[in-house]
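Chain residues, written in single-letter form:
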Amino acid sequence: MFLALTACFPKASTDSGDLSDSQLDGDTDADSDADTDADTDADTDADTDADTDTDTDTDADSDADSDADSDADTDTDTDADSDADSDADSDADSDADLGRAPTVGDLVITEVMSNPHPDAEPAAEWFEIYNTSSDSIALDGLVLSDMGADSVALSGAGVVAAGSYYVIGGSTDLALNGGAPVSYAIPADAAFDLANDDDEIVITSGSTVIDSMTWLDGQPSLKGRSWSVDPASMTASGNDDATAWCDGTTVFGTSGMLGTPGAVNPACTVSSTSR
Ligand SMILES: [Ca+2]
Ligand SMILES: [Ca+2]
Ligand SMILES: [Ca+2]
Ligand SMILES: [Ca+2]
């Protein structure tokens, strides 16, 4: 035993008897490895974690950064790039941004095509929402309903970017919807449509109504026109005032319909109810 230890540590003390830890490994801590920290791993850093690597941080994983995940960057997600989103690329944009859930008024209904013409319903129905917040808003899981029996949960709708419009309709096929830039098509078998007389759109997140609005027969006044809220009233409460709405006046798409799906609304010079 003594001879074997001497062979392994030729510079250790040659005193007889048991060798102290400092004599065995050359340092002054209480463990038996060759470093100067108090833990029992074999690395040379001064941290107190239980890993066996040579990093110099104080977290419990085996990479060289200071966060608690297992990749080599400094953010808190688990992919290998250095941005804070959850996609696999290294840029800082939000192309795979999953968004956040909306609070009241983050999404506002700004325009409705309830009574399209000449294109068929429900493919050419649509309505427009606007993200008033400074964050991307997650749409999946939100529920569209009315004050009757209509209800459908959004699935696969993605996000609406901050300060941007988003159009939900009966079809994304421009040949069927009159050329409206619809981002999300309500499934054909879903129990949700936009009635040509009176109807409502209610957007809820869990039990919270994010926004709702109502129209009556004659709003808009003619088929093939949208009903469009004045830009000054694009808030959850502002769009509850029917006098803030007016008929669409701008031709869009390929069928001569009037409205601005996916784009800013013109100011209402003649309100719907004063006509
Ligand atoms: Ca309805
Ligand atoms: Ca309709
Ligand atoms: Ca409202
Ligand atoms: Ca619009």
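Refer to the structure presented above.
Here is what the cut-offs are and how they apply
Going along each chain's sequence as written, the residues are numbered from 1 onward. Starting at A for chains and at 1 for ligands, labels are handed out in the order in which the entities are written. Side-chain atom pairs in this predicted model are given and counted only at pLDDT of 80 or more, local residue features only at pLDDT of at least 70, and totals for whole chains, interfaces and linings cover all residues. The basis for every side-chain value is the complete set of non-hydrogen atoms in the structure, without hydrogens or water. Salt bridge, as used here, is a side-chain nitrogen of Lys or Arg placed within 4 Å of a carboxyl oxygen of Asp or Glu. The rule is simple: take the accessible area with a 1.4 Å probe, protein chains only, and divide by the maximum for that residue type; under 20% is buried, over 50% is exposed, in between is partly exposed. For helices the rule is a DSSP run of H or I covering at least 4 residues; for strands it is a run of E covering at least 2, with both sets numbered from the N terminus onward. Strands are treated as partners if at least two bridges between them are detected by DSSP. Comment: axis = line fitted to C-alpha atoms, over the contacting stretch for helices; angle = value between 0 and 180 degrees taken between N-to-C directions. Here a donor is any nitrogen, oxygen or sulfur atom (N, O, S) within 2.8 Å of the metal, with 3.2 Å used for Na, K and Ca; water is not among the atoms considered, so some sites may look incomplete. Centres within 6.5 Å are what make two rings of Phe, Tyr or Trp a pair, Trp counting through its six-membered ring; a difference in plane orientation under 30 degrees is then read as stacked, over 60 as edge-to-face, and the rest as tilted.

1. Quick notes on the pattern of salt bridges
Within this structure, the stated rule accounts for three salt bridges. For Asp106, the salt bridge is made with Arg100, and the minimal N-O distance between the two is 2.9 Å. According to the relative accessible area criterion, Asp106 is buried, its value standing at 8%. For Arg100, a relative accessible area of 28% gives the class partly exposed. Of the charged contacts in the structure, one is a salt bridge between Asp247 and Arg225, with a shortest N-O distance of 3.3 Å. You can see Asp247 sitting in strand E12 (residues 245–247) and its partner Arg225 sitting in the loop between strand E10 (208–215) and strand E11 (227–229), a full 22 residues away along the chain.

2. Considering the sheet that holds E10
The strand order across the open sheet built from four strands is E5-E4-E9-E10, with neighbouring strands paired in antiparallel fashion. Each edge of the open sheet is held by one strand with a lone partner, namely strand E5 (151–153) and E10. The sheet shows a mean angle of 15° between the axes of neighbouring strands, taken without regard to direction. For strand E9 (residues 199–205) and E10, the ladder comprises seven bridges, and the chain directions are antiparallel. Looking at E10, one finds that Asp199 is bridged to Trp215.

3. Comments concerning the coordination of the calcium ion (ligand 4)
Tetrahedral coordination by four donors puts the ideal angle at the metal at 109.5 degrees, and octahedral coordination by six puts it at 90 or 180 degrees. Every protein donor of the calcium ion (ligand 4) is accounted for by Glu111 (OE), Glu128 (OE), Glu128 (OE), Thr260 (O), Thr260 (OG1), Ala263 (O) and Asn265 (OD1), and the metal-donor separations fall at 2.2 to 2.6 Å. The sequence motif formed by the donor residues of the calcium ion (ligand 4) is E-x16-E-x131-T-x2-A-x1-N. Remark: Thr260 occurs in the segment after E12 and Glu128 occurs in strand E2 (residues 126–131); sequence separation between them is 132 residues.

4. Some points on the packing of aromatic side chains
For the structure shown, the criterion picks out four aromatic pairs. Where Trp126 meets Phe252, the ring centres are 5.7 Å apart and the plane angle is 80°; that geometry is what we call edge-to-face. Taken together, the residues Trp126 in strand E2 and Phe252 in the segment after E12 connect sequence positions 126 residues apart. With a centroid separation of 4.7 Å and an interplanar angle of 45°, the aromatic rings of Tyr130 and Tyr165 are classed as tilted. Residue Tyr130 is located in strand E2, and its partner Tyr165 is located in strand E7 (residues 165–169); the two are separated by 35 residues in the primary sequence. Accessibility expressed as a relative area gives 19% for Tyr130, which makes it buried.

5. Thoughts on unusual backbone geometry
A cis amide bond links His117 with the next residue in sequence, Pro118, at an omega value of 10°. Along the chain, Pro118 falls in the loop between strand E1 (107–113) and E2. Note the cis peptide between Gln219 and Pro220, where omega equals 5°.

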